[in-house]
Structure formats: structure tokens, C-alpha cells
Amino acid sequence: MEIGFVGLGKMGGNMAERLRRGGHTVYGFDRAPSAPRDVSSIEELVQKLAKPRVVWVMVPSGEPTRQTVAALGDILEPGDLVVDGGNSRYTDDQVHAERLGAKGIGYIDAGVSGGVWGLENGYALMVGGDPEHVARVKPVFDTLKPAGRGGYVHAGAAGAGHFAKMVHNGIEYGIMQAYGEGYELLQAADAVTNVPEIFRSWTEGTVIRSWLLDLLVLALDADPELAQLRGYAEDSGEGRWTLQAAIEHAVPMPVIAAALFARFASRQDDSPAMKVVAALRKQFGGHAVTAAASSAQKRADVSPGAGVSSGVVSPPNAPPPG
């Protein structure tokens, strides 16, 4: 089928290429003139597409997506269809579906997982929207997803796809944190002498094997001590949204909450909370405290290679994204 793509970054560009390899006609637009785009504006993209049109939006979540969907709503026509494949919050999807629906334009939200590996391995797709709209784009979903029975679900009405992807990412937080804590304990034990090979041994036959574990083994192959990385982790929003939804639905999520808070802790040079604990221990028990480092000492402690990252090397027969 024919489809337009807005956003040709790491994910969008690879998804467009996978669709082309699958026999679809794709017209791509990106705001960056250096991107491998086929048209120079959204207006030109819409003009290129045969009616009824399908336009897939793959830009950063939040305001960039809202602006793009609004712009498409102004130039598309009744019968056309917009797919948001970014990491939008599900509440935004419900607004977009209502506003576009009032103009006779369909809307689908598609949570996408697969990262830089998706071009070859396929993408897991969690889709929300009216059944007739989803059925219309099903050939695209079938091409993007991994081979086999898994990797695709029509999760429900508009917003359900991104809600499912939000929970998926919350679970991802917890799994990664568990691997990280296990790694730290293994490193701390004097009896253990080969931490990378322990993780490699877990990739076959164990109940904790996963694609994330395979990726951790790749990272340890490149840097066994992880010496080139700083223990600093951002969060892109889905973990926070997952916990907010958990509160709204009174669902306990202690593991995902702890994983998110651990990321917050990773960004602190010194913990204000633990300063309070140290001060109180000194006050009630006379326990020793450690003096704060001077500004000069802090500058001297910053290692020159912090934050250095290496290129991604694809392993043979990489498993499909989970």
C-alpha cells in the first residue's frame, strides 16, 4: 500500500525502509534538510499521496507530535487516516482521535518497540483505534512486525496502543534495574572472578533469559567493566506515566516505582536525603560524618572519558524485540 511518513530519525527512517523492502510505497518527510526525505514539506507529502491517504507520524512525543497532528488535521480530508507511532501519552491520543474524528479523519495510536534492531528483526506493535481504521493499515503492521504469530496486537480503542506501550516500558524499567543490581552484587563479591561470562551463561536455558540480557552481554563484550560509561540514566516519561496510571487505578507497582526512583538517584552528585540521615545520626548518636568535597575536589574527581558511548554492533541471529 501507499503511506506517508513524517519523521525519518533512527526509528522512522528504518521503519520506512522496512516497508519499502516489503513492497510498500513510502513518501518520507523530515524537518531536517539533511534527512533522506522525498518531499520538502508536509503539504507536499499530502499532495503526493493518493486518496484516501494514510500518514504515519514518527516524531518526538509531546508538543512536536501535537503540532504535527494538528497540522495534518488542517490539510487532510475526510476519509484520510493518521497513525501516531511515537511514544505519546495515551491521553493525547484520545484528544487527537476526537478532534480528527470531528473532521472525518481517522486516527490510530501505535506503540512501537524494536529500537535500532527493528529494521532487520521487526517491530512489536501495540495498536489502538477503530477496527475499520486498524484493518485498513493492517498490511503495514504485518510488514513491520517480526515474522511469526507474535509482535502485534490491536489493544483496543484510541489510546489503548500507547497505554500498552507505556506499561511495556514500565516493565522494561524494572527488568533493567534488576539486571543492574545483580551485576553490582556480582562485582562486589570477592569469590566471583568473571561477571561477563556469568551473564552470558544465563542467556541459554535459564528463566531470566531475555533480549535485554542478550544486549547486556553485548555491552559487556565491548566494555567488561563498563568503565567508559557513567552510571547516569535518564527517563523518557513512560515510567512516570505508568506510575501515575497505577495511582489512578489503585494498582500497586513497587518494582517499577523503585526502578524509576533509582534513575532519579543516578543523577545526583550528592544525595540531599542522605545528608539529612547523616546529620541526624550525628545528632542522636554522635556518629562520624564525612565532610563535603570542595569545588576543586569535585572538579578533580570528574574523569575525562565520562559519558563516552560506542557504536552498536549487531549480533548474528539477534532475537526479535520483546
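Parameters at a glance
Residues numbered from 1 in each chain as written. Predicted model: local features only at pLDDT ≥ 70, side-chain atom pairs only at ≥ 80, totals over all residues. Heavy atoms only, no water. Phe/Tyr/Trp six-rings, centres within 6.5 Å; stacked < 30°, edge-to-face > 60°. Helix = DSSP H or I, 4+ residues; strand = E, 2+ residues; numbered from the N terminus. Buried < 20%, exposed > 50% of the residue type's maximum accessible area, 1.4 Å probe, protein only. Lys NZ or Arg CZ within 6 Å of the ring centre and 35° of its normal. Core = buried A, V, L, I, M, F, W, Y, C linked by side-chain atoms within 4.5 Å. Contact = heavy atoms within 4.5 Å.

## A few points about the packing of aromatic side chains
- Overall, the coordinates contain eight aromatic pairs when judged by the stated rule.
- Where Trp-56 meets Phe-141, the ring centres are 6.0 Å apart and the plane angle is 70 degrees; that geometry is what we call edge-to-face. Separated by 85 residues along the polypeptide, Trp-56 in strand β3 (residues 54-57) and Phe-141 in helix α6 (residues 131-144) bring together distant segments of the chain. For the pair formed by Trp-56 and Phe-141, the shared burial category is buried.
- Taken together through their ring pairs, the aromatic side chains of Phe-5, Trp-56, Phe-141 and Tyr-152 make up a single cluster.
- Here Lys-138 stacks its cationic end above the ring of Tyr-152, 4.9 Å away from the centre of that ring.
- Over the ring of Tyr-173 we find Arg-263; its NZ or CZ atom is 3.7 Å from the centre of that ring.

## Comments concerning the nonpolar core
- The biggest cluster of nonpolar side chains holds 24 residues, and the ones touching the most others in it are Phe-5 and Trp-56.
- Those elements that provide at least two residues to this core are β1 (2-6), α1 (10-21), β3, β4 (81-84), β5 (106-113), β6 (124-128) and α6.
- A per-element tally of this core places α6 first, with five residues.
- Setting aside its immediate chain neighbours within four residues, Phe-5 contacts Gly-12, Met-15, Ala-16, Leu-19, Val-26, Tyr-27, Gly-28, Phe-29, Leu-45, Trp-56 and Met-58.
- Counting 17 residues, the second-largest nonpolar core is a separate cluster that includes Val-6, Val-69, Val-82 and Ile-105.

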